[in-house]
Amino acid sequence: MIGRLLISCEDRPGIVAAVSRFLANEGANIIHSDQHSTDPVGGLFFMRIEFQLLGIEDKIEEIRTRFEKTAEPFHIKWRMSCASDKKKIAIFVSKEDHCLQDLLQRFRLGELSAEISMVVSNHDDMREIVKPYGIPYHHIPATKDTREEAAKRHLSLLEEAHVDTVVLARYMQIIPPVMIERYKNQIINIHHSFLPAFVGGKPYNQAYDRGVKIIGATAHYVTEELDQGPIIEQDVERVSHRYQIKDLKRIGRDVEKLVLSRAVGWHLDDKVLVYENKTVVFP
């Protein structure tokens, strides 16, 4: 019964009124609404609405078609979905298991609303962890020389399973452009650093060498520019001069799990809007 509508466009008077009027005419009851303007004069406007409408699952295509007439005068970019339609996700992982374990447990507990279609790894180490959940596990080796071939296999699996979202739960391989283009703003990565500091490999070593007093983690959408995609969520923990690299990694693992799970949850609930290289998040 619950629908979601996300819109973005140039800010101008009348947008909220027009959208609200359309939903009222459809017999929908708005139960939650968030909005943001980068600048009321010449800025960008973003809005997320949750509405209740009996039988929306059976008539959402008709509603989408009718909404085009409302969206057109404002040049609105929009998407409408049913909350009951769970996204299908694939989790990619390498040898670090903490983010994978956390996501699997949260899905089991019903904290994240989606269907895990598969777990994909360039190693076979995580198979036994995934096995009790009954989720298909695909071991696809990937190196610098075989990255493109691996991407073809990845895409084949993802398209066959109708996957909507890819979560990189410490998957330590560069994602090829062909896959990024196919899943634009649908691939979420957890970087074990508070970006833009310490991009690339071994950020905890870099942080230790700099003598930082806080460490953090960043969840972002993947783009072709390494670790530079739109940021969804970040968090930090304070550390001291007494901490060694192993301590930074231990504390960092907890931050990574929380940041990734929040980002994935917001994405699954259609709470993230991307513009330029930024995001608007309505948590």
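Structure: above.
These figures come from a predicted structure and were not determined experimentally.

## A word on the overall build of the chain
Along the chain, the regular secondary structure elements total eight helices and 13 strands. Taken along the three principal axes of its C-alpha coordinates, the chain extends 60 × 40 × 35 Å. With 283 residues in all, the chain has 47% of them scored as buried. Of the contacts formed within the chain by residues at least 6 apart in sequence, a portion of 66% connects residues at least 24 apart. A total of about 14,500 Å² of accessible surface is found on the chain, and carbon and sulfur atoms cover 49% of it. Distance between charge centroids for the chain: 4 Å, based on 38 positive and 41 negative side chains.

## Quick word on the packing of aromatic side chains
Counted by the stated rule, this structure contains four aromatic pairs. On the basis of an interplanar angle of 65° and a centroid distance of 5.1 Å, the ring pair of Phe 22 and Phe 67 is categorised as edge-to-face. Residue Phe 22 is found in helix α1 (residues 15-25), and its partner Phe 67 is found in helix α2 (residues 56-71); the two are separated by 45 residues along the sequence. Of the two residues examined, Phe 22 and Phe 67, each falls in the buried class.

## Quick look at the packing of helix α3 (residues 98-108) against helix α8 (residues 245-268)
In a pair of packed helices, the angle between the axes and the distance between the axes together describe the arrangement. Interaxial distance between α3 and α8 falls to 9 Å at its minimum, and their mutual angle equals 45°. It follows from the interaxial angle that α3 and α8 lie oblique. The two elements α3 and α8 cross, and the hand of that crossing is right-handed. Residue-level contacts link His 98, Cys 99, Asp 102, Leu 103, Arg 106 and Phe 107 of α3 to Arg 253, Glu 256, Lys 257, Leu 258, Leu 260, Ser 261, Val 264 and Leu 268 of α8. Grouping the amino acids of the contact of α3 with α8 by side-chain chemistry returns seven nonpolar, two polar and five charged.

## Comments concerning α3
Of all eleven residues that make up α3, eight are buried, and the element is covered over most of its length. Turning to α3, its buried residues are His 98, Cys 99, Leu 100, Asp 102, Leu 103, Leu 104, Arg 106 and Phe 107. Contact partners of the buried residues in α3: β5 (87-93), β6 (114-121), α4 (127-130), β8 (165-168), β9 (187-191) and α8.

Cut-offs used in this document
Residues numbered from 1 in each chain as written. Predicted model: local features only at pLDDT ≥ 70, side-chain atom pairs only at ≥ 80, totals over all residues. Heavy atoms only, no water. Helix = DSSP H or I, 4+ residues; strand = E, 2+ residues; numbered from the N terminus. Buried < 20%, exposed > 50% of the residue type's maximum accessible area, 1.4 Å probe, protein only. Contact = heavy atoms within 4.5 Å. Areas by Shrake-Rupley, 256 points an atom, 1.4 Å probe, with all protein chains shown as cover. Lys, Arg positive; Asp, Glu negative; His and termini not counted. Charge placed at Lys NZ, Arg CZ, Asp CG, Glu CD. Phe/Tyr/Trp six-rings, centres within 6.5 Å; stacked < 30°, edge-to-face > 60°. Axes fitted to C-alpha atoms, helices over the stretch in contact; angles between N-to-C directions. Parallel < 35°, antiparallel > 145°, perpendicular 65-115°, else oblique. Left-handed = near helix turned anticlockwise from the far one by under 90°. Nonpolar A, V, L, I, M, F, W, Y, C, P; charged D, E, K, R; others polar.

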